[in-house]
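Okay, here's what each chain looks like letter by letter:
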There are 2 protein chains.
Amino acid sequence: MNTVTLKDIADQLGLSVTTVSRALSGNGRVKKETTDKVVELAEKSNYMVNSLARSLRLSDTRSIGIVVPDISNNFFSNVIKGAQEVCHERGYMLMVCNSDENAHYEEEALKTLLEKQVSGLIVASVGSCPKIFSRYPKNRLPVVYIDNVPTGAENYDLVSIDNYTAALEFTRSVISRGYREIGMIAGPRKQSSGLMRYKGFVQALMDEGVELVPEWIVESEFSLESGYENMKKILSGGKMPRAMLFANNKLAYGAVKAILEAGLRIPEDMAVVSFDAFDHTGLVTPQIVSLNQPAEEIGRRACERIVEKLSGSDHQQVKHVFLKPFYTNGNSW
Amino acid sequence: MNTVTLKDIADQLGLSVTTVSRALSGNGRVKKETTDKVVELAEKSNYMVNSLARSLRLSDTRSIGIVVPDISNNFFSNVIKGAQEVCHERGYMLMVCNSDENAHYEEEALKTLLEKQVSGLIVASVGSCPKIFSRYPKNRLPVVYIDNVPTGAENYDLVSIDNYTAALEFTRSVISRGYREIGMIAGPRKQSSGLMRYKGFVQALMDEGVELVPEWIVESEFSLESGYENMKKILSGGKMPRAMLFANNKLAYGAVKAILEAGLRIPEDMAVVSFDAFDHTGLVTPQIVSLNQPAEEIGRRACERIVEKLSGSDHQQVKHVFLKPFYTNGNSW
DNA sequence: TACAATAATGCAATCGTTTGCGCAAGTCAA
DNA sequence: TTGACTTGCGCAAACGATTGCATTATTGTA
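Q: I'm lost on the side chain of B:E107 in this one. Help?
A: All names here are of chain B. Note that E107 resides in helix 6 (residues 103-115). Relative accessible area serves as the criterion here: at 19%, E107 is assigned to the buried category. Discounting chain neighbours no more than four positions away, the residues touching E107 are P130, K131 and I132.

Q: It is not clear to me how the relation of the copies chain A and chain B should be interpreted in this structure. Could you clarify?
A: Mapping one chain copy onto the other needs a rotation about an axis and a shift along that axis. Superposition of chain A onto chain B requires a rotation of 180 degrees combined with a translation of 0.1 Å along the rotation axis, giving an RMSD of 0.1 Å. The relationship between the two copies is best expressed as a two-fold rotation axis.

Q: Please clarify how unusual backbone geometry should be interpreted in this entry.
A: In most cases, non-glycine residues show a negative phi, while peptide bonds are predominantly trans. The peptide bond linking A:I266 to A:P267 adopts the cis configuration, its omega dihedral lying at 0 degrees. In this structure, A:D100 is a non-glycine residue whose phi angle is positive, near 55 degrees. Topologically, A:D100 is positioned in the loop between strand 2 (93-98) and helix 6 (103-115). With a phi angle near 60 degrees, B:N46 is a residue other than glycine that sits in the positive phi range. Its place among the elements puts B:N46 in the loop between helix 3 (32-44) and helix 4 (51-58).

Q: Help me out: how do you make sense of the nonpolar core in this one?
A: The nonpolar side chains of a soluble globular protein tend to be buried, and buried together. Counting residues in each nonpolar core, the largest one holds 54 residues, and the members touching the most others are A:I64, A:I122, B:I64 and B:I122. Those residues in contact with A:I122 that lie beyond four places of it in its chain are A:I64, A:G65, A:I66, A:V67, A:A83, A:V144, A:I146, A:A302, A:C303 and A:I306.

Q: For this particular structure, what's the right way to read the sheet that holds strand 8 (residues 243-246) of chain A?
A: Each strand in a sheet pairs with another by means of backbone hydrogen bonds, the pair being arranged parallel or else antiparallel. Residue and element names in this part refer to chain A. Overall, mixed pairing links the six strands, which are arranged 7-6-8-9-10-12 in an open sheet. The outermost strands of the open sheet, each flanked by one partner alone, are strand 7 (217-219) and strand 12 (326-328). Each strand axis lies, on average, 15 degrees off the axis of its neighbour in the sheet, ignoring direction. Note: strand 6 (residues 182-186) against strand 7, three bridges, orientation parallel. Bridge pairing in strand 7 places I185 opposite V218. Strands strand 6, strand 8, strand 9 (271-275), strand 10 (288-292) and strand 12 of the sheet are contacted by helix 8 (residues 163-176), whose axis makes an angle of about 165 degrees with strand 9. Its contacts with the sheet place helix 9 (residues 192-207) against strand 6, strand 7, strand 8 and strand 9, and it is angled at close to 165 degrees to strand 6.

Q: Explain the environment of B:P214 here, please?
A: All names here are of chain B. Residue position: P214 is located in the loop between helix 9 (192-207) and strand 7 (217-219). Under the relative-accessibility criterion, P214 is labelled exposed at 58%. In sequence terms P214 and Q293 are 79 residues apart; their C-alpha atoms lie 28 Å from each other.

Q: What is the right way to read the interface of chain A and chain B from this model?
A: Every contact between the two is made by 58 residues of chain A and, on the other side, 58 residues of chain B. Both faces combined, the contact of chain A with chain B buries some 5300 Å², and carbon together with sulfur accounts for 63% of it. Applying the counting rule to chain A against chain B returns two salt bridges. We note a salt bridge from B:K81 to A:D70, for which the minimum N-O separation is 3.9 Å. Here chain A is connected to chain B by six residue pairs in polar contact (both at pLDDT 80 or more). At the level of elements, helix 4 (51-58), helix 5 (74-90), strand 2, helix 6, helix 7 (131-135) and helix 11 (249-261) of chain A are the ones that each hand at least two residues to the side of chain A that touches chain B.

Here is what the cut-offs are and how they apply
Residues numbered from 1 in each chain as written. Chains lettered and ligands numbered in written order. Predicted model: local features only at pLDDT ≥ 70, side-chain atom pairs only at ≥ 80, totals over all residues. Heavy atoms only, no water. Helix = DSSP H or I, 4+ residues; strand = E, 2+ residues; numbered from the N terminus. Buried < 20%, exposed > 50% of the residue type's maximum accessible area, 1.4 Å probe, protein only. Contact = heavy atoms within 4.5 Å. Least-squares fit on C-alpha atoms with pLDDT ≥ 70 in both. Core = buried A, V, L, I, M, F, W, Y, C linked by side-chain atoms within 4.5 Å. Pairing = 2+ DSSP bridges. Axes fitted to C-alpha atoms, helices over the stretch in contact; angles between N-to-C directions. Buried area = accessible area lost by both parts, 1.4 Å probe. Salt bridge = Lys/Arg side-chain N within 4 Å of Asp/Glu carboxyl O. Polar contact = N/O pair within 3.5 Å; in protein donor to acceptor, adjacent residues only side chain to side chain.

In structure tokens:
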């Protein structure tokens, strides 16, 4: 069964493709009766517009691409949800890609999305500014980074929290609970989120005159495995920290496993404090104190920004939007 | 800055579009030197193929659509992850849509995906067989349902667990722990997963001669709120169950909130037993015993099935693939 | 040198829409 | 009756790629 096209309808009705197109779209003058006939037949024969052809002709796909490092991470899936909502409201389609925390896949995904002629891009990058953007300048289409701004991409739009300040205050609050032996498993420093959270952490320790123990502070990938391995290494050292800060949820989850395996209790023996370990049930991670990015809101704002740039005039202007993070299980804290 | 097309390259090199196209794709005979020149200029001028045009011409988008009811649900985001992986391996692009547990949105999403000419569809439906499929018969493109088969869609491909048997055995295992006052918050019965899990539950009680208490067995939407509200209602009744089975994770999470608010301990006062409350950390939901669908595997298999049908001969054949569910926190159980 | 075989390239149609422009028929006022 | 408008419709050119079928250039062989 082949797809039915405008031509098929036109032929059956003895009309031109032009008229059929106009009848269905409502653009242009078509006699009421004709319109009715066309609409009826279109309905009956299950006509469905071919977006490829339309988009090609109009040079507009009404779709927005988003690439995230890990779609199964709750943070990102909520970002997507937020973006999806805005797209739906505004008549856009969201095309989701997963880079699997891999810079090369990220490039691939961006390339594919660009080839598919998306009108805008939301990117949670895993590394430095994708080469693809140095080659296909951003004035070709709106690009908004979320979560972190990759090195080299400072003059792009961004929606995120202020990672430095967040880490600074988060760490201070740990210290103010009386902890003085504090470690951190930080994220990759080539991502600004990784770097800034690390810097905030260090600054807080220095401000408060708390000793920095190099063995307790490590740079790591954002993965369960790295969290687990790095935590094990720290636990196997001579001295042990009493509180650990994690740059993201996966790191924390991996580390928790190591901590429990070592027979330690959370938080009595080891306080676990993490970014983005938000859990909507409010129940399931009672032991982890978390400072969360408002994921859905980030998705929404990023998407709105794209749409705004798409329809608006300030296509060129660069804006950094900083949202407030929020604590969970902060009460027990 | 306008996009550069084959024509631009052709003009600059004094060649025809044909030759340029062939040089870049490697189809057809083109002199080595010419190819080199073309490739070089394409590179330099940042040429990027326009997928719309290509797909239109080839009647092939190499993309697969997936629509899920809730992308922020861990189960579905893992399904997507699995599907995404297969797509990536096979050179397809996955287009993700969220129906927000809403039959109408689901229809919309399917329509959009079809208009975008996806080559195949993976659907986790929220209801009965989408009207759109009765109008655009499945022999137009491969469709695979996952998680559950909507009423009216029995002759479609399906990848899921055997919900009836799973619920039956799951419930039996609860009974075998000595529980005799057992309730269930079931999912919508118009979804086969909802219905089958409910039937399995009831059958197990009858088999074992355990009393069915109507007040403890309710049909519900898959949402946190419904779980919370329905659980509160049950808790406010005269008698109280000692164990509750939930048809999905959201229901369980919502209910847990209600249970804890009522001052009850899990599992001492109330055992919580749920489908798909899998948590990869192995730590965070120690109180919930869960029977999980292998989400990533489901995504993979569904996607592989599509690709298979796309390239294979058995385009017509209908297959139901049943995967084994697995327990978590079953040890403490 | 001539003719065939082969290599390299180009023409033009095609995929399914949309839309500027033109044309015929109808309406209306003077 | 004429000229000016309006209405309803169609022609044909886009959009940017791919490809069957020429056509031309090159090489090889007798």
